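Descriptive analysis of the structure
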Amino acid sequence: MKALTRARFAGRDGVSAVFALDYGVEIRIALLEPDLGRVLMRRDGGYRLDRGWTVAPDGEDTPYEGRPRDDLAGFSCPTATVTERDGVVTLAGERLRAEVTLEPFGVAWFRAGESAPFLQDRRTQAYFVSRKTHAFVHHTERQEHDRHYGLGDKAGPLDRTGRRFRIDAVDPCGFDAELSDPLYKMIPFVIVAGPTGAHGVYYDNLATAEVDLGATLDNYHGLFRSYRADDGDLDAYVFAGPGVPDVVQAFSRLTGGHAFGPLWTLGFATTSMAIADAPDAHARIADYVAKCAEHRIPCDSFHFGSGYTMIDGRRYAFHWNRDKFPDPEATLKSLADAGMHPVTNLKPCLLEDHPRLAELRDGGGLVLDGETREPAVAQFWDGLGFHLDFTHPNGRAWWRAGINDALLRKGVVTVWNDNNEYEIWDEDAVAHGDGRPFAQTLARPAQALLMTKLSRDAQVAHAPAKRPYAITRGGAAGIGRYGQTWSGDNETAWKTLRFNLTQGLNMSLSGLFDIGHDVGGFHGPSPGPELLCRFVEFCSFWPRFVMNSWNTDGVTTLPWMHPGVIAPIREAIRLRYRLAPYLYARMWRAALADDPAVRPLFYDFPQDPGAIATEDAFMLGPDLLVAPVLEEGAQTRSVRLPHHPGGWYAFHDGSHHPGGTVATVDAPLGRAPLFVRAGAMLPLAQPGERLDPAQDRVRELAIFGAPSAAEANLYDDDGETAGWREGAGRVTQLLLRDGRLSATAEGRYEPAWREIRVRCVGGPMPAFEQRGPVRLTA
């Protein structure tokens, strides 16, 4: 590679300061928002890929054909001045400035009022480009006490310092949540936090790459980080912070915000490959519905594994196996009648003997081998196959028709987009690009992104008055604007709990707010009673709560598989339903204000060293601290609680625990330790068998401690209205001031509950100030 060490200031072009470097390289520095900068490289006058799919700064979705890389729509582009002095060019806005040293070339980023840069290019050879390939490298300085977060679904500890990760996507069934890499998603977004605050960097490049967060030490360069891409364009967005929440929220806004799913998606759900693969699949589903009723297990949806599409043991998209499901509509209706929403798995690879393959061969719509112009061959589950090209209008039209005709019109609610990592290793594979072809290697995760977008769009067209529910396993930054994802095919093991926790927190910090983990573990020996119960407890606090398995011993993981722990499993699931009003309000807030529901302790307590060091507990919103049991045989759990005025209260028994101390509490099966922040006002429901707003007749408010002032917001609607931003729901604001509690409401929705029953834990009952439609009672 060639080092880029010398630059000439070429002047200003619009919002950008332009610099000419050796080897035909041009770098543009711009301020796009008061706290957002950009470094953009052009080589030989152009881009490797002149568009992208992840950036959507105006909150509007990107088109299927992609957003032009030079498009500034949606950015405020604040006023900035450019000055040059003594070999340094300064681009300065009101809150952010970039100082560009011409030789050796490098950029230093400063927040207003600070004399030290929060981000500094490595002062020795920060940029490299290859003249033989399209690879490039960007190095930045690393400080001794920097901590690193983000990168999507990567495995391992919460703080990623000292590790190196591959930005790539594969299908790692039964992955090790501590060590496996790569996994499913390609999100080169890093948050750096330390004594002087936090900042973030997002590389808008969908090619494979490597991120090094201190694994490499080199005596000639000091401490550094690096982003090394195999191909594509250097297009780096710089987030000034200064706190981790500022970075997380700004990154979510940059990539299109987050979808607000229907209420029922927060309920418990089950799927299993073994159920849909079985020859008597319809009967097994009927038995599942009956067993839920028998054991009083709440459940809101059933997710079909891909076995419903089988012919002779092989899977064929949009085909219903009529031996297993003689009447698909009747099977789906039986689930709907039981209050369980049917969701079907769908995979984007068509096997080479797919009965409808000729429709795509003849009309176009598959990823092609650029040399032969035949469909690019890839290894898939049941043999060789060809991937649908979601950058091809014909491919999208064919896929959308299949979703409509084979699924939605039969009674399926939505599609579960699975196995969409696009492992096409043919180096000549080409995507259609809506008439402007590009090498598939430049944007593999864009296919998963567009697959999820299409499933969302199909559902919106089918039921325009309802909020869509989309889910995907693979993808890039921006999939959160379409819906839900999860950590993937986790291993059935005790250590999976510990590292799914930190994996999930980094996903949440990476703009993926509607997330969860396969309850019980997906692959490996079926979980024993204790592990299954602890998995249920742990997963019950994450937005996605789906039991999913493909166990090596052939046993399907189900809530009643171990009779001795059915009761504690039921207790853990029913607590989830009791907390549903709080979780629903947090997911509404996530979509409204880019504020994740699940987050590490330091998100809410950034000045507490103990909170920064805690990796075995997490916050659910600002009020609940979850300390799941992660060790086999444990009957108690110790956790260090963050410093907080008034301390914390154990949810289950109301006991008080000071902040800044280690609390040790009982943790019997079925009861994960849960702590409530003093001063919190926690909305609760009576647990039912479904998350049904029409049956949600009781609302409770638990006030913890004796706050002089507190506030809480409830969000209610019919559970699926598309008009939630236009007042179709109802926001109830609860205010406690000087011992008086009041409730005001806005919005058209009339909830089934008519009053809020108030109880106090560790403090006196407030006086009620009755006004508006909400009645407060003790």
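A quick note: this is a predicted structure, and the numbers were derived from the prediction, not measured.

Rules behind the numbers
Residues numbered from 1 in each chain as written. Predicted model: local features only at pLDDT ≥ 70, side-chain atom pairs only at ≥ 80, totals over all residues. Heavy atoms only, no water. Phe/Tyr/Trp six-rings, centres within 6.5 Å; stacked < 30°, edge-to-face > 60°. Helix = DSSP H or I, 4+ residues; strand = E, 2+ residues; numbered from the N terminus. 1 Å grid on protein atoms, 1.4 Å probe; cavity = no way out; pocket = protein on both sides within 12 Å on 5 of 7 lines; lining within 4 Å. Points joined across faces, edges and corners; volume = space filled by probe spheres on them. Nonpolar A, V, L, I, M, F, W, Y, C, P; charged D, E, K, R; others polar. UniProt positions renumbered as here; feature names shortened; annotations may be inferred. Salt bridge = Lys/Arg side-chain N within 4 Å of Asp/Glu carboxyl O. Buried < 20%, exposed > 50% of the residue type's maximum accessible area, 1.4 Å probe, protein only. Core = buried A, V, L, I, M, F, W, Y, C linked by side-chain atoms within 4.5 Å. Contact = heavy atoms within 4.5 Å.

Comments concerning the packing of aromatic side chains
The tally for this structure, following the rule as stated, stands at 41 aromatic pairs. Here the aromatic rings of Tyr149 and Phe602 are separated by 4.7 Å at their centres, their planes lie at 35 degrees, and the arrangement is tilted. With a gap of 453 residues between them, Tyr149 in strand β15 (residues 147-150) and Phe602 in helix α12 (residues 601-604) connect regions that are remote in the sequence. Both rings, one in Phe260 and one in Trp724, keep their centres 5.0 Å apart while their planes meet at 70 degrees; by these two values the pair is edge-to-face.

Focus on empty space enclosed by the protein
The final tally for this structure, using the stated rule, is twelve cavities of 30 Å³ or more. The volume enclosed by the largest cavity comes to roughly 130 Å³. Lining of the largest cavity is provided by 13 residues; of these, Thr140, Val190, Val201, Tyr203 and Arg225 occupy positions nearest its centre. Those elements that provide at least two residues to the lining of the largest cavity are β14 (136-141), β18 (189-194), β19 (197-203) and β21 (224-229). Considered as a void within the structure, the second largest cavity measures approximately 100 Å³ in volume. Taken together, 14 residues form the lining of the second largest cavity, with Thr309, Arg315, Tyr316, Ala317 and Lys347 sitting closest to its centre. Broken down by secondary-structure element, the contributors of at least two residues to the lining of the second largest cavity are β27 (341-346) and β28 (349-351). Looking at the lining of the second largest cavity residue by residue, the classes come out as eight nonpolar, three polar and three charged.

Focus: the UniProt feature "domain: Glycosyl hydrolase family 31 C-terminal" (unreviewed entry) in the chain
UniProt annotation of "domain: Glycosyl hydrolase family 31 C-terminal" (unreviewed entry) refers to residues 595-681 when read in the numbering used here. The distance from the first to the last C-alpha atom of residues 595-681 is 19 Å, and the span holds 10% helix and 32% strand.

Here's the deal with the pattern of salt bridges
One pass over the full model with this rule turns up 68 salt bridges. Between Asp50 and Arg436 there is a salt bridge whose closest N-O contact spans 2.9 Å. Pair noted here: Asp50 is in the loop between β5 (36-43) and β6 (51-52) and Arg436 is in the loop between β33 (429-431) and β34 (438-439), with a separation of 386 residues, a long-range link. When its relative accessible area of 41% is taken as the criterion, Arg436 is described as partly exposed.

Describing the nonpolar core
Judged by nonpolar contacts, the single largest core of 147 residues is most densely connected at Phe239 and Trp399. Setting aside chain neighbours within four positions, we find Phe239 in contact with Asp35, Leu36, Phe118, Phe189, His199, Gly200, Val201, Tyr202, Val247, Ala250, Phe251 and Leu254. Core analysis: the next-biggest nonpolar cluster, separate from the first, contains 46 residues, Leu91, Tyr127, Phe136 and Val201 among them.

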